[in-house]
Amino acid sequence: MYQRAMSAPSTSAQPRLSATILLLRDNTELEVLMVARHYQIDFASGALVFPGGKANPEDADPNWDGFIDGSASGEQRTAQIAAIREAFEESGLLMARPRSARGVRNALVGAETAQAMAPMRAQVDRREVNFLDLIKAHDLVLALDVLIHFGHWITPEIMPKRFDTHFYLAPAPANQIASHDGRETTDAVWLNPQKALEMEASGQATIIFPTRMNLKKLMPAKTLETARARFEGMPVVTVLPMAGKAEDGTPCLHIPEEAGYGQTVEPLDRIRA
């Protein structure tokens with residue numbers, strides 16, 4: 001909890017580059033894929049989150065040149081590769097296309113390719129198999145071009161574990177089937193953003209602060225197309241929550257108004273970690 005961390009006399013940890021992806025689909029209403037974190041995981045255990053995690057050194061490998069579609073470079077490219085890799089590990093969904101059919105906005109691989117690669121999810125997660133080598137072996141390229149930069153959150157300096165996390169939106173690959181990995185995640189569910197927030201408010205689900213805020217930010221979009229139109233090209237303001245006090249004196253976190261979350265203050269007693 002942030003309350004415990006505030007009283008701990010420690011120097012600020014360096015945040016680790018991380019990436020999270022909001023995979024979207026149109027059903028009767030817009031839905032986003034959420035996975036339930038395993039209860040034995042030390043961060044956000046039991047919470048509903050978007051697929052994601054820490055970037056690996058392999059995600060920054062210059063040998064990805066030639067095996068990606070998209071124009072991102074530097075940290076953004078590393079984070080985007082990490083986002084797609086984590087989505088594959090945690091949900092089985094693969095945002096890639098055949099090298100023979102590469103090109104921005106071209107169709108992604110279907111269920112047959114994703115299912116053929118699915119047995120390697122755990123090995124990639126454990127870093128026993130290099131994700132780049134797997135992509136090369138199946139003659140694919142990662143579709144970084146489908147990702148829309150949606151948010152950027154840095155864990156407060158008061159926390160012992162810190163993450164520098166980029167959030168991305170992407171349409172879920174058509175015809176592929178999402179499934180949890182059974183290791184870091186115990187369920188994979190498609191939820192309308194408002195429904196997910198209602199579940200959290202009623203106590204049916206645990207949703208941590210950054211996830212909840214990004215669900216709120218997504219809510220005005222009612223379809224994939226409106227999400228793309230609303231957020232593609234929108235400037236992303238970095239959010240580094242700062243510990244302080246609300247007007248009534250209660251401990252809280254402050255986030256910048258210009259980040260566009262419709263909320264600037266979060267009571268500390270609502271924070272779960």
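Residues numbered from 1 in each chain as written. Predicted model: local features only at pLDDT ≥ 70, side-chain atom pairs only at ≥ 80, totals over all residues. Heavy atoms only, no water.

K.L.:
Describe the pattern of salt bridges, listing the residues and the values that go with them.
P.N.:
Under the definition given, this model contains 14 salt bridges. Note that Glu31 is salt-bridged to Arg25, the shortest N-O span being 2.7 Å. Take Glu31: its relative accessible area is 10%, and that puts it in the buried class. The shortest N-O distance in the salt bridge between Arg85 and Glu89 comes to 2.9 Å. In this pair, Arg85 and Glu89 are both assigned in helix α2 (residues 74–91), 4 residues apart and thus about one turn of the helix distant. Classification of Glu89 as buried rests on a relative accessible area of 2%. (Salt bridge = Lys/Arg side-chain N within 4 Å of Asp/Glu carboxyl O. Buried < 20%, exposed > 50% of the residue type's maximum accessible area, 1.4 Å probe, protein only. Helix = DSSP H or I, 4+ residues; strand = E, 2+ residues; numbered from the N terminus.)

K.L.:
Explain the pairing of strand β9 (residues 163–171) residue by residue, including any values.
P.N.:
Consecutive side chains of a regular strand alternate in pointing toward one face of the sheet and then the other. Burial of β9 is extensive: 8 of the 9 residues sit out of reach of the surface. With 9 bridges connecting them, strand β1 (residues 16–26) and β9 associate as parallel partners. In the sheet register, Leu22 faces β9, and the bridge partner there is Leu169. Note: strand β8 (residues 148–154) against β9, 6 bridges, orientation antiparallel. From the neighbouring strand, Ile148 faces β9, where its bridge partner is Leu169. (Pairing = 2+ DSSP bridges.)

K.L.:
Pulling in residues and values, what's your account of the packing of helix α6 (residues 193–201) against helix α7 (residues 209–218)?
P.N.:
In the contact formed by α6 and α7, the axes pass within 9 Å of each other and the chain directions differ by 140°. Two packed elements cross with a definite hand, and for α6 against α7 that hand is left-handed. Only Arg212, Leu215, Lys216 and Leu218 of α7 make contact with α6, whose side of the interface consists of Pro193, Ala196, Leu197 and Glu200. Counted by class, the contact of α6 with α7 contains 5 nonpolar, no polar and 3 charged residues. (Axes fitted to C-alpha atoms, helices over the stretch in contact; angles between N-to-C directions. Left-handed = near helix turned anticlockwise from the far one by under 90°. Contact = heavy atoms within 4.5 Å. Nonpolar A, V, L, I, M, F, W, Y, C, P; charged D, E, K, R; others polar.)

K.L.:
Let's hear about the sheet that holds strand β6 (residues 96–98): which residues, and what values?
P.N.:
Whenever strands of a sheet pair, they do so through backbone hydrogen bonds, lying parallel or antiparallel. With mixed pairing, the 3 strands of this open sheet are ordered in space as β5-β7-β6. The sheet is open, and its two borders are formed by β5 (68–69) and β6, each paired with just one other strand.

K.L.:
Outline the environment of Asp61, supporting the account with residue identities and numerical values.
P.N.:
Examined against the element boundaries, Asp61 turns out to sit in the loop between β4 (52–54) and β5. Apart from the residues within four sequence positions on either side, Asp61 is in contact with Arg77 and Leu132.

K.L.:
Describe α2, and please don't skip the residues or the numbers.
P.N.:
Between its first and last C-alpha atoms α2 spans 26 Å; for 18 residues at 1.5 Å apiece the expected length is 26 Å, and the two agree. By the criterion of burial, α2 is predominantly enclosed, with 15 of the 18 residues buried. (Expected span 1.5 Å × (residues − 1).)

K.L.:
Pulling in residues and values, what's your account of the packing of aromatic side chains?
P.N.:
Where two aromatic rings form a pair, the distance of their centres and the angle of their planes describe that pair. Taken as a whole and judged by the stated rule, the model has 5 aromatic pairs. Between Phe88 and Phe131, the aromatic rings sit 5.8 Å apart at their centres with planes inclined by 20°, giving stacked as the arrangement. Remark: Phe131 occurs in helix α5 (residues 131–137) and Phe88 occurs in helix α2; sequence separation between them is 43 residues. Judged by relative accessible area, Phe88 falls into the buried class, the value being 0%. Counting every residue linked through ring pairs, the aromatic cluster contains Trp64, Phe88 and Phe131. The residue whose ring lies beneath Lys217 is Phe150, and the NZ or CZ to ring-centre distance is 4.6 Å. (Phe/Tyr/Trp six-rings, centres within 6.5 Å; stacked < 30°, edge-to-face > 60°. Lys NZ or Arg CZ within 6 Å of the ring centre and 35° of its normal.)

K.L.:
A description of the sheet that holds strand β13 (residues 251–254) should follow, citing residues and the corresponding values.
P.N.:
Ordered by their spatial adjacency, 3 strands build an open sheet running β12-β13-β14, and the pairing between neighbours is antiparallel. Looking at strand neighbours, the two that pair on one side only are β12 (242–245) and β14 (265–267), the edges of this open sheet. Between one strand and the next, the sheet's axes are offset by a mean angle of 40°, whatever the strand orientation. Strand direction decides the pairing type here: β12 and β13, joined by 4 bridges, are antiparallel. Residue pairing across strands places Met242 opposite His254, the latter belonging to β13.

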